[in-house]
Amino acid sequence: MRYTFAVALVCVVAAVAVVGHVGGSAIASIRAGAGPAKTARGLYLATVMGCSDCHTPLKMTPTGPEPDATRLLAGHPEQIGALPRSTPHGAWPVSAAATNTAFSGPWGVSYAANLTPDQNTGLGIWTEEMFIQALRTGKHMGTSRPIVPPMPCPAYRHATDEDLQAIYAYPHSRAQ
Ligand code: HEC
């Protein structure tokens, strides 16, 4: 239960951090990569389901933090390094990096994954089946270790196969 609370908490933080920016230049640049109806639907779903909130690092600008359009869905930038662990007990058990891509809480430290089609660091070698099973079961590649918060698998597992297929197709379409 407390994980659910923590997920909700971090989602609120994420929403506050990027509100007003999701329709901005970052999304405009992904729109350019969306072609057929399926990938356009994938872009739409990824946008309204907030994938970019955690999987695209924020960068500071004169008007406040904005998603870094050069790192769209690329996950936590490794150059930033490791996030120190937060105190697991007490009133403030969760902390996050300024990029909103690294999180510490009772589950440990988690780093938003690279969702681009990169073969080594992204989802390049993932099949559609692995992707759908990962979001349904909350397990890496659908069979391996548990995917920990704040990745909202408890919510996303209710998406239809068709919607998850579209979300899978969208970033892969950007490789072409
Ligand atoms: C509130 C933040 C947040 C949101 C929103 C979010 N993610 Fe995540 N996601 C994460 C974090 C953090 C991880 C890493 C968890 C871990 O390492 O166990 C992750 C992991 C994943 C993984 C597993 C990667 C792997 O190697 O196992 C996939 C796939 C994924 N996210 C896809 C998505 C998609 C698609 C969306 C939108 C529909 C989305 N995420 C929205 C934070 C988020």
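Look above for the structure.
My aim in this report is to walk through the structure given alongside it, one point at a time. Worth saying up front: this structure is predicted, and the values here are computed from it rather than measured.

Calculation notes
Residues numbered from 1 in each chain as written. Predicted model: local features only at pLDDT ≥ 70, side-chain atom pairs only at ≥ 80, totals over all residues. Pairing = 2+ DSSP bridges. Helix = DSSP H or I, 4+ residues; strand = E, 2+ residues; numbered from the N terminus. Near = placed C-beta within 6 Å. Nonpolar A, V, L, I, M, F, W, Y, C, P; charged D, E, K, R; others polar. Buried ≥ 20, exposed ≤ 12 C-beta atoms within 10 Å, placed from the backbone. Arc of directions from axis to C-beta. Core = buried A, V, L, I, M, F, W, Y, C linked by C-beta atoms within 7 Å. Contact = placed C-beta atoms within 7 Å.

1. What about the pairing of strand 1 (residues 58-61)?
Inference 1: Bridging between strand 1 and strand 2 (residues 64-67) involves four bridges; their strand directions are antiparallel. Of the residues in strand 2, the one forming a bridge with methionine 60 is proline 65.
Inference 2: Once strand 1 ends, the chain turns through two residues before running back antiparallel as strand 2.

2. What to know about the sheet that holds strand 5 (residues 108-111)
Across a sheet, paired strands are connected by hydrogen bonds in the backbone, their directions being either parallel or antiparallel.
Inference 1: One open sheet accounts for three strands, arranged 3-4-5; its pairing is antiparallel. Where the open sheet ends on each side, the last strands, each with one partner, are strand 3 (95-96) and strand 5.
Inference 2: Alignment of strand 3 against strand 4 (residues 102-105), held across two bridges, turns out to be antiparallel. Considered in strand 4, the bridge of alanine 96 is made with phenylalanine 103.

3. Here we look at the site of the ligand
Inference 1: Inspection of the region around the ligand gives 25 residues, with Cys51, Cys54, Ala113, His140 and Met151 positioned closest.
Inference 2: At the level of secondary structure, the elements contributing two or more residues to the shell around the ligand comprise helix 1 (2-18), helix 4 (51-55) and strand 5.
Inference 3: Its residues assigned to classes, the shell around the ligand shows 20 nonpolar, four polar and one charged.

4. Examining helix 5 (residues 128-137)
Think of an α-helix as 3.6 residues a turn; residues three or four steps apart then line up on the same face.
Inference 1: If you check which residues of helix 5 are buried, you get Phe131, Ile132, Ala134 and Leu135. Burial along helix 5 is one-sided: seen end-on, the buried residues are contained in an arc of 155°.
Inference 2: Of the residues trailing helix 5, glycine 138 is marked for its positive phi of about 70°.

5. Structural notes on the nonpolar core
Inference 1: By size, the foremost hydrophobic cluster in this structure holds 20 residues, and its most contacted members are Phe131, Leu164 and Ile167.
Inference 2: At the level of elements, helix 3 (37-48), helix 4, helix 5 and helix 7 (161-173) are the ones that each hand at least two residues to this core.
Inference 3: Top contributing element to this core by residue count: helix 7, with five residues.
Inference 4: Excluding residues that lie within four positions of it along the chain, leucine 164 makes contacts with Phe131, Ile132, Leu135 and Ala159.

6. Some thoughts on the pairing of strand 4
Inference 1: Here strand 4 shows two buried faces, one formed by Ala102 and Ser104 and the other by Phe103 and Gly105.
Inference 2: Here strand 3 folds back onto strand 4 in antiparallel fashion, the turn holding five residues, of which asparagine 100 has a positive phi close to 60°.
Inference 3: Strand direction decides the pairing type here: strand 4 and strand 5, joined by four bridges, are antiparallel. If you follow glycine 105 over to strand 5, its bridge partner there is glycine 108.
Inference 4: The loop that links strand 4 with its antiparallel partner strand 5 comprises two residues.

Coordinates in, geometry out; function isn't part of it.
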